[in-house]
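Spelled out, the chains give:
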Amino acid sequence: METVTLIQGDGIGPEITDAAVKIIDAAGVKVDWDLQTAGADVIEKEGTPLPARVIESVKKNGVALKSPVTTPIGKGFRSVNVTLRKELDLYANLRPCCNIPAVKTRYDNIDIVVVRENTEDLYAGIEEMIDNDTAHSIKIITRKASERIARFAFEYSVKNNRKLVSVVTKANICKLSDGLFLESARNIAKDYPQIKFQEILVDNCCMQLVQNPCRFDVLLLPNLYGDIVSDLTAGLIGGLGVAQGANIGDKCAVFEPVHGSAPDIAGQNKANPTAIILSAVEMLYYLGEAAKGAMIKKALFNTFRQGIYTADLGGTYSCTEFTDAVIKNLQE
Ligand code: NAI
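A short tour of the structure in this document, coming up.

Cut-offs applied
- Residues numbered from 1 in each chain as written.
- Predicted model: local features only at pLDDT ≥ 70, side-chain atom pairs only at ≥ 80, totals over all residues.
- Heavy atoms only, no water.
- Helix = DSSP H or I, 4+ residues; strand = E, 2+ residues; numbered from the N terminus.
- Expected span 1.5 Å × (residues − 1).
- Buried < 20%, exposed > 50% of the residue type's maximum accessible area, 1.4 Å probe, protein only.
- Contact = heavy atoms within 4.5 Å.
- Axes fitted to C-alpha atoms, helices over the stretch in contact; angles between N-to-C directions.
- Parallel < 35°, antiparallel > 145°, perpendicular 65-115°, else oblique.
- Left-handed = near helix turned anticlockwise from the far one by under 90°.
- Near = heavy atom within 4 Å.
- Polar contact = N/O pair within 3.5 Å; in protein donor to acceptor, adjacent residues only side chain to side chain.
- Nonpolar A, V, L, I, M, F, W, Y, C, P; charged D, E, K, R; others polar.
- Salt bridge = Lys/Arg side-chain N within 4 Å of Asp/Glu carboxyl O.
- Pairing = 2+ DSSP bridges.

All right, on to helix 9 (residues 274-286) then. Relative to the 18 Å expected for 13 residues at 1.5 Å per residue, helix 9 spans 18 Å between its end C-alpha atoms, a close match to the ideal helical length. With 10 of 13 residues buried, helix 9 lies mostly within the body of the structure. By the burial criterion, the buried members of helix 9 are Thr-274, Ala-275, Ile-276, Ile-277, Leu-278, Ser-279, Ala-280, Val-281, Met-283 and Leu-284. Of the residues trailing helix 9, Gly-288 is marked for its positive phi of about 85 degrees.

Right, dumping it as structure tokens:
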């Protein structure tokens, strides 16, 4: 039996985590869940939103399924998500974005993979007030991290039969930082002549993703652009409720949806659990449980084919009703 760290998160986190755990159990995968709490709720008791026990648990188990954790806006503690990724050196944020059967969207044939650098850029959190009216935020880009993520993108492309890697920057303006990211990608691209390599500025990339998304294959981006663009690509396939993700390092991996804690619908049994279910399916593939993963995916897609949707997709089903329908399909 695999032991997997389970980070329940907050907001809609507990609701969608519950759905994923029930579905994995119903599929007959034996998992020993090592439940770890993090975020604002643990600060009072443990003095930090990310206690060392959470990091230790993921290090020990090598794999985690994680729900979103709220980060205070404009003040308060540093993001638990950013810290976790940094502490565990989960340098690659992988966000595949593919049309889902029976989920109606503007475009068919979307099949884009966002590869986002996950450890540096403006997320280093180095900020200071110069005076009352001036703030500085430091953008860190290193050759080491840039080449590492570029190699990850090309290796992923080779293994998954992808044809085109587009590196996305603003190197015309951030000449040194984005310039270094771009130069690193160019250097690594030389080792993969079988994969087409394209350079594109992030503003133009966004426009083209909206107008003609099918021309893209693998997108390689620094942290901030990757964060923003992956919400855009989520929108192309039905929204954040269906967008899966994974944070991958050399020693461990944390699977989590692209979306946040959705405080606007938290506690109302309205959340769409699809994003975490698909993230959990990827986790099962990672753990060598491909057949069970495929079984869950099939049951999930059949649920949509039966016209069962949560509110974000225009349906009337609650999170638990949707989950029960997936479980029923697993048993058929
Ligand atoms: P959000 O992704 O939580 O929500 C944006 C919109 O999408 C909301 O209208 C929400 O209701 C909807 N939505 C998101 N997930 C959904 C789901 N599964 N089903 C149905 N609707 C869904 O983004 P927001 O509001 O900007 O951030 C809220 C909090 O989440 C912030 O504190 C932010 O820092 C945090 N966050 C955490 C992440 C993580 O833990 N990895 C990632 C992104 C944000």
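This next bit is on the environment of Met-1. With respect to the element layout, Met-1 can be found in the segment before strand 1 (2-7). Its relative accessible area of 73% is what places Met-1 among the exposed residues. With 30 residues separating them in the primary sequence, Met-1 and Val-31 have C-alpha atoms 5.7 Å apart. With residues up to four places along the chain from it excluded, the contact list for Met-1 reads Lys-30, Val-31 and Asp-32.

The next subject is the packing of helix 1 (residues 13-26) against helix 9. Across the interface, helix 1 lies against helix 9 with an axial gap of 9 Å and an inter-helix angle of 45 degrees. Judged on the interaxial angle alone, helix 9 and helix 1 are oblique. For helix 1 against helix 9, the interelement crossing comes out right-handed. Contact residues: helix 1 offers Ile-16, Thr-17, Ala-20, Ile-23 and Ile-24, while helix 9 offers Ile-276, Ile-277, Ala-280 and Met-283.

As a structural note, the neighbourhood of the ligand is formed by 22 residues, with Val-69, Thr-71, Gly-260, Ala-262 and Asp-264 the closest of them. With respect to the ligand, the side chain of Asn-81 contributes an N or O atom lying 2.9 Å from an oxygen atom. For the ligand, an oxygen atom lies 2.7 Å from a polar atom in the backbone of Gly-260. In terms of residue class, the shell around the ligand is made up of nine nonpolar, eight polar and five charged.

What follows covers the pattern of salt bridges. Once the charged atoms of two side chains with opposite charge are near each other, the side chains can pair. The final tally for this structure, using the stated rule, is 16 salt bridges. The shortest N-O distance in the salt bridge between Glu-183 and Arg-143 comes to 2.9 Å. Here Arg-143 lies in helix 5 (residues 143-159) and Glu-183 lies in helix 6 (residues 177-189), a separation of 40 residues in the sequence. Look at Arg-143 and you get partly exposed, because its relative accessible area is 39%.

It is worth spelling out the sheet that holds strand 11 (residues 246-248) at this point. Read from one edge to the other, the open sheet built from 10 strands follows the order 2-1-3-12-11-4-5-10-8-9, with strand pairing classed as mixed. The sheet is open, and its two borders are formed by strand 2 (31-36) and strand 9 (196-201), each paired with just one other strand. Strand after strand, the sheet turns through a mean of 25 degrees between neighbouring axes, direction not considered. As defined by bridge partners, strand 11 adjoins strand 12 (residues 253-255) across three bridges and the pair is classed as antiparallel. Bridging across to strand 12, Ala-246 finds its partner in Phe-255. Set on the sheet, helix 6 makes contact with strand 5 (111-117), strand 8 (164-169), strand 9 and strand 10 (218-221); between it and strand 8 the angle comes to about 165 degrees.

Further remarks concern helix 4 (residues 80-87). Within helix 4, six of the eight residues are buried, which leaves it mostly tucked inside the rest of the structure. Every buried residue of helix 4 is accounted for by Val-80, Asn-81, Val-82, Thr-83, Leu-84 and Arg-85. Buried residues along helix 4 sit against strand 1, helix 3 (52-61), strand 3 (63-66), strand 4 (92-98), strand 5 and strand 11. Looking one or two residues beyond helix 4, the residue adopting positive phi is Asp-89, at roughly 50 degrees.

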